[in-house]
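Structural description and commentary
Chain by chain, the residues run as shown.
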Amino acid sequence: MIASSSYGSWPSPVSAADVASSSTRFDGARFIGEEIWWAQSVPEEGGRMAVRRRQRDGRTADVLPAPWSTRSRVHEYGGGAWCATEDGRLFFVEGSDQRVYVLASDDAPTPLTTEEDGTAFGGLVWAAGRLLAVRERTATSGGERAIVEISLDGTGARVVAHGDDFVAQPALSPDGRHLAWIGWNHPDLPWDRTRLHVGRLRDGVVGDAVSVTDGAASVLQPVWSGSDELLYTDDASGRWQLQRVRPDTGERSTLTHDDADTGGALWMLGMRWFAPLEDGRIVAVRTNGEDSVVVIDPADGSTRSVGVDGASQTFLEDARGTRVLITTASASAPLGLWLLDADGTAAPERLAGDDLSALEPWLPAPRTVTADGPHGPVHAYFYPPTHPELRGPDDELAPCLVWVHGGPTAHVGPAASRKIAYFTSRGIGVLDVNYSGSTGYGRAYRERLRGQWGVADVDDVIAAARHVAAAGLADPDRLAIEGGSAGGWTVLSALTRGDVFAAGVSRYGVGDARALVADTHDFESRYLDGLIGPLPETEEVYVERSPLTHPEGFRVPLLILQGSEDRVVPPAQAEAIRDALRAHGVPHAYVLYEGEGHGFRRRETTIHALASELAFLGEVFGFVPDAPEIALSIGALRIADGDGGREVFIDPAGDSAHAERDLRVVVSREPLRPLFVRPHTTEWAETVRAAGFTATEDDPDLFVLLPTLDGE
């Protein structure tokens, strides 16, 4: 029998520790000899990236044991941090020093490059007996990137190709005579405009190079399908479509004409969206909101699904024969590594990743949502509260957590995850929004954010939130918004510029656009040229758009989660937001995680952050969660008693000697956003009355306080 129980307080089998243990990240997978190798994070080992293999007998073993961890920091986000030879030699970038090592058999790893400050390697490729990589040097003025060949005798690396501000995805032709790669220059990002270069190798170094494309579109992933033929994808048509070109003659043809993308935002060097099969067919990812995997026959243009549909986060890792390796997630399965057969002769097999089959009764079925927004349709996925034994009361609507993805040039799709179930199994809905600027819907949708960051994204999340509330899927008075990095910017902007959300959660969110430009790394240093405008010409726009310019707009509770070692959004920005909240008497909590960077990786951090978020929502929305209590700091409230005023400090989360723990502050949903206070002692009740504050009509012990604003 299904019982009725208040939303937010449902008992759940999903703990924060479960979420932390399942927060798996992957960095590539390959067929190596008769085995399958892949890189996978190990949350219980501090987020270490291990290289693992499935052996011929089906058992899984570590290739790269602890404490070694393969992680690149090229462009800050890395990717392509390892590769291997058919005979089982592993080349990898060690995360701690960014040197490239080789591991052969059971020997200890041996360094192939020297340790240099500001030098990192990524995008490793083994081809025709040569080890290629992208090398980044940030110690030089403006930064320097090049395609390099790393000597196997430990003598270092030599430059093979360079010239652009950024380079990526080197591809050596089968005969070893030509190198293809992509490059781009400031102020573009790789999803804006790139060029496909091809150069003839002379003594192992590119001599004459030509640009095969004109640089007007985003070109990605060059792959040789023969010694004189290249495959790649570009979005000149408005969608990333597969292309084929002969560099020697310039003859080219478009292989797909779909209303879908085979490509995406190249945040990490190892990202791939297609692979040629040995018989000339191509297996590819297609994205139009959701991902599917198809086999394309260039001979007749036919396309056939391989049974992966309604997916997200899908990348084509490798192909051999008709066997295909992909990483993907779906509505019924979280992110994992899968082995497919292109001809469908074998069922898909999950090789790595979380198994949620035991939680199936608690997993929400995602609903596709399209809201009308001022800039056009807004796409999102809604995950309703789901529990096999409970439902909400008939007279109550569920609270809803609106998620804003980072990037902002990124994408979310329908995906099962313990993190979503952590909230929905407790009676809290989740709305995951692909606002203007997101990938997966074509270039026009991405470019809706051009010059409009802090405007179109805010309008879209508000439109999506109002849509689910109007549809009766969420309580309009209990809408919270949560996001990290660029998503955190949208959270802060939505709170300062709108009145739809009753609470916010910012994870390392951007509060000051000019500070972001000054502090961030080179890869994103000109990102805001397109999102807001070039500096210094549009500095006034940067100032006006930044949430910290409008501290008076913060009126609802905010939870701030920040890493102490964040180089993209340093703690100073989070602490400026905290100080603004204090100054305006807004309930808040600030948590600084020592040793964490831009994106939390440690298991204990994930556990604490999730539990804090749940406790925060319970405190604000008035339900009792199964999480440790969180104390909300308020700051200083001035009670004017006619004698110059008296300050009452209400800061239960702080260590101040002035902290008063016998006052409970509750946020009002009234238009003026006053603060209500309920004294827990007779002395405090008399003090509040003597100061001239009146009780509410319905409750003689509930008084109204207004926070002092800038000393008023």
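Residues numbered from 1 in each chain as written. Predicted model: local features only at pLDDT ≥ 70, side-chain atom pairs only at ≥ 80, totals over all residues. Heavy atoms only, no water.

1. Section: the pairing of strand β10 (residues 119–127)
Taken across its nine residues, β10 has eight buried, putting it largely inside the fold. Where β10 meets strand β11 (residues 130–137), seven bridges bridge the pair, whose relative direction is antiparallel. In the sheet register, F121 faces β11, and the bridge partner there is R135. The loop that links β10 with its antiparallel partner β11 comprises two residues; one of these, A128, has a positive phi angle of about 50°. (Buried < 20%, exposed > 50% of the residue type's maximum accessible area, 1.4 Å probe, protein only. Helix = DSSP H or I, 4+ residues; strand = E, 2+ residues; numbered from the N terminus. Pairing = 2+ DSSP bridges.)

2. As for the nonpolar core
Counting 79 residues, the largest nonpolar core has Y422, F423, L431, V433, F501 and L617 as the members making the most contacts within it. The element contributing the most residues to this core is helix α10 (residues 603–621), with eight residues. (Core = buried A, V, L, I, M, F, W, Y, C linked by side-chain atoms within 4.5 Å.)

3. As for the packing of aromatic side chains
One pass over the structure, following the stated rule, counts 22 aromatic pairs. Three or more aromatic residues joined by ring pairs make a cluster, and in this case those are Y77, F166, W184, W191, W267, F523 and Y527. Between K419 and the ring centre of W403, over which it is positioned, the NZ or CZ distance is 5.1 Å. The ring centre of Y422 lies 4.3 Å from the NZ or CZ of R426, which sits over that ring. (Phe/Tyr/Trp six-rings, centres within 6.5 Å; stacked < 30°, edge-to-face > 60°. Lys NZ or Arg CZ within 6 Å of the ring centre and 35° of its normal.)

4. Points about the packing of helix α4 (residues 456–470) against helix α5 (residues 486–497)
Close contact between α4 and α5 brings their axes to 9 Å; oriented N to C, the two are set at 75°. Classified by the angle between their axes, α4 and α5 sit roughly perpendicular to one another. Residues D457, V458 and V461 of α4 lie in contact with α5, whose contacting residues are W489, T490, S493 and A494. Residues belonging to the contact of α4 with α5 are distributed by class as follows: four nonpolar, two polar and one charged. (Axes fitted to C-alpha atoms, helices over the stretch in contact; angles between N-to-C directions. Parallel < 35°, antiparallel > 145°, perpendicular 65-115°, else oblique. Contact = heavy atoms within 4.5 Å. Nonpolar A, V, L, I, M, F, W, Y, C, P; charged D, E, K, R; others polar.)

5. Looking at the sheet that holds strand β18 (residues 219–226)
Hydrogen bonds between backbone atoms are what pair the strands of a sheet, whose relative direction is either parallel or antiparallel. If you trace the four strands from one edge of the open sheet to the other, you get β18-β19-β20-β21, paired in antiparallel fashion. Looking along the sheet, the strands with just one partner apiece sit at the ends: β18 and β21 (252–254). The mean inter-strand angle of the sheet, taken between neighbouring strand axes irrespective of direction, is 25°. Two elements, strand β19 (residues 229–234) and strand β20 (residues 241–245), share five bridges in a ladder whose sense is antiparallel. Within the sheet, the bridge partner assigned to L231 lies in β20 and is R244.

6. A few points about the sheet that holds strand β27 (residues 336–341)
If you trace the seven strands from one edge of the open sheet to the other, you get β22-β23-β24-β25-β26-β27-β28, paired in antiparallel fashion. Edge positions in the sheet fall to β22 (274–276) and β28 (349–353), since each has one partner strand and no second. Here the average twist between neighbouring strands, direction ignored, is 45°. Both strand β23 (residues 282–288) and strand β24 (residues 290–297) contribute to a ladder of seven bridges, which runs antiparallel. Each bridged residue has a counterpart across the sheet, and for N288 the counterpart in β24 is E290.

7. Concerning the pattern of salt bridges
All told, the structure shown has 43 salt bridges when counted by the stated rule. Linking R281 and D343 is a salt bridge whose minimum nitrogen-to-oxygen distance equals 3.0 Å. On the criterion of sequence distance, the pair formed by R281 in the loop between β22 and β23 and D343 in the loop between β27 and β28 is long-range, its members being 62 residues apart. The partner of R514 in a salt bridge is E539, with the nearest N and O atoms 3.0 Å apart. In this pair, R514 is assigned in helix α6 (residues 513–519) and E539 in helix α8 (residues 539–545), connecting sequence segments 25 residues apart. Since its relative accessible area comes to 37%, R514 is described here as partly exposed. You can call E539 partly exposed: its relative accessible area is 34%. (Salt bridge = Lys/Arg side-chain N within 4 Å of Asp/Glu carboxyl O.)

8. Focus: α5
Between its first and last C-alpha, α5 extends 16 Å over twelve residues, near the 16 Å set by a 1.5 Å rise per residue. Of all twelve residues making up α5, eleven are buried, and the element is well covered by its neighbours. (Expected span 1.5 Å × (residues − 1).)

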